[in-house]
Amino acid sequence: MDGALQLPMVDLSSTDRTLLADSLRKACVENGFFYLINHGVEEELIQRVFEGSRRFFGLSLEEKMKLLRQNHRGYSPLYSEKLNSTDNPKGDPKESIYFGAPEDMSPYGNLNQWPSQEILPCWRSTMEEYYRRILWVGKRVVSLMAVALNVDEDFFEKVGAFDPPTALLRPLHYPVAGEIDSSDKHMHGAGAHTDCGMITILVTDGVPGLQVCRDKLQKPQIWEDVHHLKGALIVNIGDMMERWTNCLFKSTLHRVTQPTQDRYSVAMFFDPSPDCVVECLKSCCNESSPPRFPPVRAADYLKETYKVTYGDQ
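Reading the values: the criteria
- Residue numbering note: each chain is counted from 1, following its sequence as written.
- Given that the model is predicted, a residue must reach a pLDDT of at least 70 before its local features are reported, and side-chain atom pairs must reach 80 or more before they are shown or counted; all residues, however, enter totals for whole chains, interfaces and linings.
- To get the side-chain values, take all heavy atoms of the structure and skip hydrogens and water.
- The term salt bridge refers to a pairing of a side-chain nitrogen on Lys or Arg with a carboxyl oxygen on Asp or Glu at a separation within 4 Å.
- By the criteria applied, helices consist of DSSP H or I runs no shorter than four residues and strands consist of E runs no shorter than two, each listed in order from the N terminus.
- Think of it in three bands: residues with accessible area under 20% of the maximum for their type are buried, residues over 50% are exposed, and the middle band is partly exposed, with areas taken using a 1.4 Å probe on protein chains only.
- At least two bridges found by DSSP between two strands are what make those strands a pair.
- Axes, fitted as lines to C-alpha atoms, cover a helix only where it is in contact. Angles between the N-to-C directions of the axes lie from 0 to 180 degrees.
- Computed over the protein atoms alone on a 1 Å grid, cavities are sets of points where a 1.4 Å probe fits but cannot get out and pockets are open sets with protein on both sides within 12 Å along at least five of seven lines; a residue lines them when it has an atom within 4 Å of a point.
- Grid points are joined across faces, edges and corners, and a volume is the space filled by probe spheres set on the points.

Draft legend 1. Just the pattern of salt bridges, in detail. Per the counting criterion, the structure on display carries 14 salt bridges. A salt bridge links Lys26 to Glu30; its shortest N-O distance comes to 3.2 Å. Linking Lys26 with Glu30, this pair stays in helix 1 (residues 17-30), spanning 4 residues, or about one helical turn. Taking the shortest distance from any N to any O, the salt bridge between Asp92 and Lys94 comes out at 2.7 Å. Overall, the relative accessible area of 4% leaves Lys94 in the buried class. Taken together, the salt bridges that share partners define one network made up of Glu44, Arg48 and Glu129.

Here it is as structure tokens:
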């Protein structure tokens, strides 16, 4: 680790759309990570999300295991995910729960799993409200990215990236080292990885831990801390957006260090719809810079990624 990184800021309240798209493009090209400010999601809602998350992860393991992950929805216990087998040979010492769209718009039907109302009375309504708000923010960001890439503002809508929305919302809990098997001193809360979708929108509780490596090919790797910025969301580019842009926008390597106190975060992963074909944008390739990746159907790409991460489905 080599110190802290000051991420660029993208201000959604800006009325100068060209300037906004330019600042977004610069952030995506140079960092692949940025703070999103004036995004319109109320702090009060975010605090309710974290309050519910703490209560959920505080339930007994027996209660949480009733919601064990199926079809990428539901509870993932400690060590069930292995993002980087070198960092964490046993798997990542974190737990999480996945939710899809609240509406019955998934190809699989609505498979979200929730604890009973008696146990957590308001969590479902809070998470569904947050999902809808972040989905709206994400669509705004993606439309701005289209402008920044010199294609139509609704390009990603037209190629079916959100038809239907398959974004996954994921509250996460990183327990303190004392609560887990810490025999491996090099263990991280989340191993080094890139996200596989279009973009990820993250909110954290302020406990440090997120680090990025802006040049994933550099040896040795240089890791920089990403500080919490009150009121800001953190956005990063995923592998599919990197493929769409022919590596112009960077899918940046990142990880979470082992926290010294319990750490909570909530990530929204914007994956394209299953049948959406991801192929190099014409504005991102030419004779001297031909497409680096073949076209791929989103569902096929994600299936391979999940197989590596979870060893399943």
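Draft legend 2. Here's a closer look at the pairing of strand 11 (residues 233-237). Within strand 11, 5 of the 5 residues are buried, which leaves it mostly tucked inside the rest of the structure. Along strand 11, one buried face is formed by Leu233, Val235 and Ile237 and the opposite face, lined by Ile234 and Asn236, is buried too. In the sheet, strand 3 (residues 33-37) pairs with strand 11 via 4 bridges, with the strands oriented antiparallel. When the sheet's bridge partners are listed, Leu36 is paired in strand 11 with Leu233. Alignment of strand 8 (residues 199-204) against strand 11, held across 4 bridges, turns out to be antiparallel. For Ile199, the partnering residue across the bridge sits in strand 11 and is Ile237.

Draft legend 3. Expanded view of the sheet that holds strand 2 (residues 9-11). Ordered in space as 2-3-11-8-13-6-5-4, the 8 strands form an open sheet in which the pairing is mixed. In this open sheet, the two edge strands, each paired with only one partner strand, are strand 2 and strand 4 (74-76). Direction aside, neighbouring strands of the sheet carry axes that sit 25° apart on average. Where strand 2 meets strand 3, 3 bridges bridge the pair, whose relative direction is parallel. Each bridged residue has a counterpart across the sheet, and for Val10 the counterpart in strand 3 is Leu36.

Draft legend 4. Looking closely at the pairing of strand 6 (residues 168-174). The buried fraction of strand 6 is high, at 7 of 7 residues. Here strand 6 shows a buried face lined by Leu168, Arg170, Leu172 and Tyr174 and a second buried face lined by Leu169, Pro171 and His173. Pairing between strand 5 (residues 95-98) and strand 6: 2 bridges, direction antiparallel. Residue pairing for strand 6: Glu95 is matched across the bridge by His173. As defined by bridge partners, strand 6 adjoins strand 13 (residues 263-270) across 7 bridges and the pair is classed as antiparallel. Bridge pairing links Leu168 to Phe269 in strand 13.

Draft legend 5. Local environment of the layout of surface pockets. Considered as a void within the structure, the largest pocket measures approximately 610 Å³ in volume. Surrounding the largest pocket, 37 residues form its lining, Leu83, His193, Thr194, Asp195 and Phe269 being those nearest its centre. Contributions of two or more residues to the lining of the largest pocket are made by strand 6, strand 7 (190-193), strand 8, strand 11, strand 12 (253-256), strand 13 and helix 7 (298-310). Top contributing element to the lining of the largest pocket by residue count: helix 7, with 5 residues.

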